[in-house]
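Topology and contacts: notes
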Amino acid sequence: MIQVSQVTKRYGGETVLHNVDFHLETGDFAMLQGRSGSGKSSLLKLLYREIDADEGTIRFRQIPIGQTLKHVLRREIGIVFQSFQLIEQKTVFENIALAGKAVGRPMAEIETEAMRLLDRVGLRNKKDAFPGTLSGGQQQRAAIVRALLNKPSLLLADEPTGNLDKETAADILQLLKELHEEEEMTMLIVTHDDLLLTQQQAKIWTVEDGKVHEQAIT
Ligand SMILES: Nc1ncnc2c1ncn2[C@@H]1O[C@H](COP(=O)(O)OP(=O)(O)O)[C@@H](O)[C@H]1O
Ligand SMILES: [Mg+2]
């Protein structure tokens, strides 16, 4: 699904990723770990073309992402952030609907799909609530629904549990694992919580010293 070949990323004089090879197979449930500042977010940003590589190629379904239209990429890739990034002045439903409007889907379709997913994550009764009135876990569930609304083939999550207490974090990770099966998508989740990692059956990738390597399955 994603093939990163010999990618180098620099910020000014600082090389964050150096000749990195990394790949995701269709259907993978993968975790990305590494110390703070190791380049995890940069790798994700490269995958959804928030930033460009200085060297190397990134292919999404065989096609170099530089040749894939950004709006096609945005529809194919859902993103979840640590900080939820919900708009405070809009309700849960309005936040989610924005993702559908952005790619020109009809409102009736957006409503049906939003309600199906809100139901699934246990937030149906919060659809008209404002984000500020929700718990962190509920806000992240809303953000996950927003990321899934357009049926992406790949979901990227950048420390989705970073702002949550341990128990809620485990719930969110479990939810993502279940959605990976149910919605049939590839997932890449950045986390530095070793405990959570070991509880999941996942492919584990580590960013370290500018390189990305896959941990052998034990
Ligand atoms: N826009 C930027 N400009 C300059 N340096 C950056 C920028 N984004 C990230 N960096 C630097 O690149 C390194 C990797 O950052 P990041 O990818 O956010 O790491 P991680 O997500 O693993 O904590 C850090 O040293 C960070 O300071
Ligand atoms: Mg980061």
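This report concerns the structure included in the present document. (Residues numbered from 1 in each chain as written. Chains lettered and ligands numbered in written order. Predicted model: local features only at pLDDT ≥ 70, side-chain atom pairs only at ≥ 80, totals over all residues. Heavy atoms only, no water.)

Now for the environment of L123. Mapping L123 onto the fold places it in the loop between α4 (107-120) and α5 (136-148). Given a relative accessible area of 0%, L123 falls into the buried group. L123 sits 16 residues away from Q139 along the chain, and the two C-alpha atoms are 9.5 Å apart. Not counting residues within four places of it along the chain, the set of residues in contact with L123 comprises L118, Q138, R141 and A142. (Helix = DSSP H or I, 4+ residues; strand = E, 2+ residues; numbered from the N terminus. Buried < 20%, exposed > 50% of the residue type's maximum accessible area, 1.4 Å probe, protein only. Contact = heavy atoms within 4.5 Å.)

What follows covers the pattern of salt bridges. Close approach of charged atoms allows side chains with opposite charge to pair. Evaluation of the coordinates by the stated rule reveals 13 salt bridges. In this structure, the salt-bridge partner of K177 is E181, at a minimum N-O distance of 4.0 Å. Placement of both K177 and E181 in helix α6 (residues 166-182) is noted, with a separation of 4 residues, approximately one turn of the helix. Residue classification places K177 among the buried positions, given a relative accessible area of 16%. Salt bridges linked by common partners bring E113, R116, K151 and E183 together as one network. (Salt bridge = Lys/Arg side-chain N within 4 Å of Asp/Glu carboxyl O.)

Close contacts around ligand 1 come from Y11, E14, V16, R35, S36, G37, S38, G39, K40, S41 and S42, and that covers them all. One of the backbone nitrogen or oxygen atoms of G39 is found 3.0 Å away from an oxygen atom of ligand 1. With respect to ligand 1, the side chain of S41 contributes an N or O atom lying 2.8 Å from an oxygen atom. Alone, ligand 1 offers 560 Å² of accessible surface; in the complex the protein occludes 59% of this. Elements with a contribution of two residues or more to the shell around ligand 1: β2 (14-24) and α1 (40-47). Here the shell around ligand 1 is composed, by residue class, of 2 nonpolar, 6 polar and 3 charged. (Near = heavy atom within 4 Å. Polar contact = N/O pair within 3.5 Å; in protein donor to acceptor, adjacent residues only side chain to side chain. Areas by Shrake-Rupley, 256 points an atom, 1.4 Å probe, with all protein chains shown as cover. Nonpolar A, V, L, I, M, F, W, Y, C, P; charged D, E, K, R; others polar.)

Attention now moves to the side chain of E113. Secondary-structure assignment places E113 in helix α4. Residue class for E113 comes out buried when judged on its relative accessible area of 10%. E113 has contacts with R105, L149 and K151, leaving out every residue within four places of it along the chain.

Further remarks concern the packing of aromatic side chains. In total, this model carries 1 aromatic pair according to the counting rule given. Pairing F22 with W205 gives two aromatic rings, centres 4.7 Å apart and planes at 70°, and the pair type is edge-to-face. Here F22 is found in strand β2, whereas its partner W205 is found in strand β9 (residues 203-208), with 183 residues between them in sequence. By relative accessible area, which is 4% here, W205 ends up buried. (Phe/Tyr/Trp six-rings, centres within 6.5 Å; stacked < 30°, edge-to-face > 60°.)

Contact pair α5 / α6: the axes reach a minimum separation of 10 Å and the direction vectors enclose 20°. In terms of their interaxial angle, α5 and α6 are classed as roughly parallel. As α5 runs across α6, the sense of the crossing is right-handed. Taken together, the residues of α6 that come into contact with α5 (itself represented by G137, Q140, R141, I144 and L148) are T168, D171, I172, L175, L176 and L179. (Axes fitted to C-alpha atoms, helices over the stretch in contact; angles between N-to-C directions. Parallel < 35°, antiparallel > 145°, perpendicular 65-115°, else oblique. Left-handed = near helix turned anticlockwise from the far one by under 90°.)

In this section: the environment of L179. Locating L179 in the fold gives a position in helix α6. The exposure class of L179 is buried, given its relative accessible area of 1%. C-alpha separation for the pair L179 and A102, spaced 77 residues apart in sequence, amounts to 23 Å.

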